[in-house]
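A structural walkthrough
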Amino acid sequence: MNAIQRIKASGGFKKSFVRFFTKGRANRSVGGTMFLLFFIACFGVFALFPVLFMLGNAFKPMHELYRYPPTILPENPSVQNFGDLLQYANESLVPFTRYVFNTGILILIGCIGQIIFSAMAAFPLAKFDFKGRGFLSNLVVYALMFSGAVTAVPNYIIMNYLGLMDSLWAVLLPALASTLGLYLLQNFMTMLPDSLIEAAQIDGASYFRTLVQVIMPVVKPAWMTVFIFTFQNLWGNTGGSFLYTENIKPLSYMLSKIAAAGISRQGMASAASLLMFIIPVVIFIIAQSNVMETMATSGMKD
Amino acid sequence: MKKKKNNSAFKPTVKTSEWKKNRSLYLMLLPFFTLFTIFTVLPVLFAIVVSFTDFNVLQFPNFVGLSNYLSLFLNDDLFLTAIKNTFILAVIVGPCGYILSFIMAWMLCELPDKLRVFMTVVLYGPSLSGNVYMIWTLIFADDSTGFANSWLLSSGLTNEAILWLHDEQYMMLIIIIVQLWMSFGVGFLSFISGLQGIDKAQLEAGMVDGITNRWQELWFIILPSMRPVLLFGAIMAITGAFSITGTALTGFPSTGYATHSIVDHLNWYGTTKMELGYASAIAVILFVLMIGCNRLIQKFLRKVGT
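A brief look at the structure comes next.

What counts, and at which threshold
Residues numbered from 1 in each chain as written. Chains lettered and ligands numbered in written order. Predicted model: local features only at pLDDT ≥ 70, side-chain atom pairs only at ≥ 80, totals over all residues. Contact = placed C-beta atoms within 7 Å. Helix = DSSP H or I, 4+ residues; strand = E, 2+ residues; numbered from the N terminus. Nonpolar A, V, L, I, M, F, W, Y, C, P; charged D, E, K, R; others polar. Buried ≥ 20, exposed ≤ 12 C-beta atoms within 10 Å, placed from the backbone. Axes fitted to C-alpha atoms, helices over the stretch in contact; angles between N-to-C directions. Parallel < 35°, antiparallel > 145°, perpendicular 65-115°, else oblique. Left-handed = near helix turned anticlockwise from the far one by under 90°. Core = buried A, V, L, I, M, F, W, Y, C linked by C-beta atoms within 7 Å. Domains from an automatic or database assignment.

Every contact between the two is made by 92 residues of chain B and, on the other side, 93 residues of chain A. The dominant element in the side of chain B that touches chain A, judged by the number of residues it contributes, is helix 1 (residues 18-50) of chain B, at 19 residues. Considering only residue class, the side of chain B that touches chain A consists of 60 nonpolar, 23 polar and nine charged.

Once that is clear, we can look at unusual backbone geometry. Residues and elements named next belong to chain B. Of note, the phi angle at Val57 is positive, near 75 degrees, even though the residue is not glycine. You can see Val57 is positioned in the loop between helix 1 and helix 2 (67-74). Even without glycine at this site, Met274 takes up a positive phi of about 60 degrees. Residue Met274 is classed as partly exposed on the basis of its 14 C-beta neighbours within 10 Å.

Attention now moves to the packing of helix 10 (residues 179-190) of chain A against helix 11 (residues 227-242) of chain B. Running from amino to carboxyl end, helix 10 of chain A crosses helix 11 of chain B at an angle of 160 degrees, the nearest separation of the two axes being 7 Å. On the basis of the axis angle, helix 10 of chain A is roughly antiparallel to helix 11 of chain B. Across the interface between the two elements, Tyr183(A), Leu184(A), Asn187(A), Phe188(A) and Thr190(A) of helix 10 of chain A pack against Pro228(B), Val229(B), Leu231(B) and Phe232(B) of helix 11 of chain B. Across the contact of helix 10 of chain A with helix 11 of chain B, the residue classes tally to seven nonpolar, two polar and no charged.

A word on the packing of helix 11 of chain B against helix 14 (residues 276-301) of chain B. Residues and elements named next belong to chain B. For the pair helix 11 and helix 14, the least separation of the axes is 10 Å and the interaxial angle reads 150 degrees. With respect to helix 14, the axis of helix 11 lies roughly antiparallel. Helix 11 and helix 14 meet at a crossing whose hand is right-handed. Where helix 11 abuts helix 14, its residues Arg227, Leu230, Leu231, Ala234, Ile235, Ile238, Thr239 and Phe242 lie against Leu286, Leu289, Met290, Cys293, Asn294, Ile297, Gln298 and Leu301.

Further remarks concern the nonpolar core. In this structure, Ala121(A), Leu185(A), Phe32(B), Ala105(B), Ile282(B) and Ala283(B) are the most contacted members of the largest nonpolar core, which totals 154 residues. The two domains that each donate at least three residues to this core are domain 1 (1-50) and domain 2 (90-297) of chain A. Those residues in contact with Ala121(A) that lie beyond four places of it in its chain are Leu182(A), Met28(B), Leu29(B), Phe32(B) and Phe33(B).

This is the structure we're talking about:
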């Protein structure tokens, strides 16, 4: 009802078409809007392809998984793969919930810690002038550019020296100091008007309080994005060369082991990879829905 | 509307001694930079030092001076091929992927919120799923059952299957296509968040000031006000473009080393041959290349929207 009324009010289908797809902006052309939708749709179809394929694979019985040429959707869909996966999880030496718990702990501490630590460091770097600011900023940018392949060995040595080997901290601590999150937050905070901070200073707020109460709500899109990256990073982390004890290994390690077992477990493995995909997607959708237009509600006019 | 202040650093107004004034600022920096020094700066410094030695993980390293660097440029023809390939890939994929992901983010932000979130998930989906290459190995499979080959054969454009991933003629092209398709990653997401942060009052003011279409709005309002995010995206694009490796598609080593990149070379020495001294020298060269490129792009980005 509402939509029809709006179309009538705005006069003509063309105009309401543009308004619908551009959040009611008046200075948009019909042709441009059509082109925009077409462009997005083209890429969307291509991006959906691998996801569809994975979805299909999870429901394919074994003989269809190895059919050549491969089909995208299963002919006789079955939930057998998920049943196998459930059985495998029940029979594993370390209870399945333990892996889930480990990953949960990693993600909980990792995401919260990363956002707090990097926001605390990003705020001074973005908005204040002090000795060493330029140096630290450059250091962060340069750190993003050094290839990880050769730092694996020194990392291992340092971890061993600190006695963090075979504990979740070996995965967590480097994740807390991820440069990506800091640099992203720093760049977003640079965009904020200085008057926002000046106002808080006049009200007598400390730097930390300014950060928590004034800055963080405004840069919510930025730390939501940092949250996504950290989540993705820790969700896919198998513990690598740092975790040995089965008890503290994360979920992704347990699931990656299924695929490593070879052809006989491919069905189960494709069900597992769907599972590994669905949860980040749900988190991603929640986070993205929160990336709304915060600036509009912050009430600042520069 | 007041003229927007330059993004210069905000200076605290309280006048006390330098150290006392900034003490709380340094305290805020402390936790991150402690961890950062231990887990990022130290390993990088270690790698830089190792690049002047013949460290092979097993024996105690000997100092060899610049010999690693010299032999990279003088004795290692494959490294020169790798540099050439990396440059071709970076020059095409870097800027194109960067612009593509920005345009896409900008277009998505015009859409209604629900549709925007849906399309963002769809486009970012491949990055979440982690099996991005698989679909392309199906499309460009070497035999007649690959999607590309079967289409070409049935339409009569060719009469034999093309070895897409093993014919030096096509390998580079395919890696470029796949990398461009994969450009909706970290940079893309930060663009979306950056665009959400743009002050709506500014856009309205722009409309009053006579901005008539979306392209003018983009150039005069949106681009200048999100310059820091553009910079972030650029750095992501640079690191991404210089770190391209096509081994998931063309295998390692690729046919005739047609897609052998610096990172392939680095991984080969660092993780297969375990010649860490040599691999570190490659990493340092790659590092210097990226820094140089970053300088150039920063200069360029300052001119945007002026």
